[in-house]
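Commentary on secondary and tertiary structure
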Amino acid sequence: METKVEPYTLYLRSIRTANTVGVYGTATVQFATFVLAKGWTYENMPALALQEFVSVLSRKYRASSVGVKYTAVKHFIAWLVKQGTVIVPQSKCDLPRLTEPERAVLDKVQIRRLLEILGAGVKISGSPWSLLSRTTIAFLLGSGLRVSEMCELKMDALRFGSGGGLELRVLG
């Protein structure tokens, strides 16, 4: 059986970031290996194949990892359907419950103190890196974005507002 992972990965590169392609690629290879080990092909796998795959993953991975792999494989199966490879649609899956630990968040006093420290700046002989670091931290604190979201920003997401301020448009 041809795993179809390589053409799928090529397709993904045209629509997703490198990180997403890596994660989806790994999950897709795991699913292809699972299908092969069961003696199935994509054309004859049962409607509960994805459910069974998730069940196997749930024994090895945290719920958040299972959720990401499920999404990746679901996307892969949708791509296979568009290619005319998968005939039997997959049943909906019950994913393991995700219990997120409570995240520690800085309060206003802590943020103000951090910005004061950054404003004073740890002198690294006037290095542009210290300015970049201070700017990056201040931007992340002010915007609430994750580091990965900030790295993905494009210049057209920034606009100067009517009052001279800067507006940031982020989807997601």
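The following refers to the structure shown. Keep in mind the model is a prediction, meaning the values are calculated, not measured.

Moving on: the nonpolar core. Core analysis: the biggest nonpolar cluster contains 27 residues, and Phe31, Tyr42 and Met45 have the highest contact counts within it. Among the elements of the structure, helix H1 (5-13), helix H2 (18-37), helix H3 (49-60) and helix H4 (63-82) are those that each provide at least two residues to this core. Per-element accounting of this core gives the leading share, eight residues, to H4. In contact with Met45, not counting residues within four places along its chain, are Phe31, Val35, Trp40, Ile77, Val86, Val88 and Gln90.

It is the contact of H2 with H3, at a shortest axis distance of 11 Å, that shows an interaxial angle of 110 degrees. The angle between the axes of H2 and H3 places the two elements in the roughly perpendicular class. Residues Ala27, Gln30, Phe31 and Phe34 of H2 form the contact with H3, whose participating residues are Ala49, Glu52, Phe53 and Val56. When grouped by side-chain class, the residues that make up the contact of H2 with H3 number six nonpolar, one polar and one charged.

Turning to its location among the elements, Lys69 is positioned in helix H4. You can call Lys69 buried: its relative accessible area is 12%.

A word on the packing of aromatic side chains. Scanning the model with the defined rule gives ten aromatic pairs in all. Plain terms: the ring middles of Tyr11 and Trp79 are 6.2 Å apart, the flat faces sit at 25 degrees to each other, and that makes the pair stacked. Highlighted residues: Tyr11 in helix H1 and Trp79 in helix H4, separated in sequence by 68 residues. According to the relative accessible area criterion, Tyr11 is partly exposed, its value standing at 30%. Judged by its relative accessible area of 10%, Trp79 falls in the buried class. Between Phe31 and Phe53, the ring centres sit 5.2 Å apart and the planes meet at 80 degrees, which makes this aromatic pair edge-to-face. Remark: Phe53 occurs in helix H3 and Phe31 occurs in helix H2; sequence separation between them is 22 residues. Put simply, the rings of Tyr8, Tyr11, Tyr42, Phe76 and Trp79 pair up and form one aromatic cluster.

Moving on, we get to the pattern of salt bridges. Here the structure, examined in full by the defined rule, presents two salt bridges. One salt bridge connects Glu52 with Lys38, and the closest N-O pair in it is separated by 2.5 Å. Of this pair, Glu52 sits in helix H3 while Lys38 sits in the loop between H2 and H3, and the two are 14 residues apart along the sequence. On the basis of relative accessibility, which here comes to 38%, the residue Lys38 falls in the partly exposed class. When the shortest N-O distance is used, the salt bridge between Glu149 and Arg146 registers 3.3 Å.

A few words on H2. The end-to-end C-alpha distance of H2, which contains 20 residues, comes to 28 Å, matching closely the 28 Å that a straight helix rising 1.5 Å per residue would cover. Those residues of H2 not exposed but buried are Val21, Tyr24, Gly25, Ala27, Thr28, Phe31, Ala32, Phe34 and Val35. The inward-facing, buried residues of H2 contact H1, H3 and H4. Two residues or fewer past H2, Gly39 is found with a positive phi of approximately 80 degrees.

What counts and how
Residues numbered from 1 in each chain as written. Predicted model: local features only at pLDDT ≥ 70, side-chain atom pairs only at ≥ 80, totals over all residues. Heavy atoms only, no water. Core = buried A, V, L, I, M, F, W, Y, C linked by side-chain atoms within 4.5 Å. Buried < 20%, exposed > 50% of the residue type's maximum accessible area, 1.4 Å probe, protein only. Helix = DSSP H or I, 4+ residues; strand = E, 2+ residues; numbered from the N terminus. Contact = heavy atoms within 4.5 Å. Axes fitted to C-alpha atoms, helices over the stretch in contact; angles between N-to-C directions. Parallel < 35°, antiparallel > 145°, perpendicular 65-115°, else oblique. Nonpolar A, V, L, I, M, F, W, Y, C, P; charged D, E, K, R; others polar. Phe/Tyr/Trp six-rings, centres within 6.5 Å; stacked < 30°, edge-to-face > 60°. Salt bridge = Lys/Arg side-chain N within 4 Å of Asp/Glu carboxyl O. Expected span 1.5 Å × (residues − 1).

Function cannot be read off these values alone, since they describe shape.
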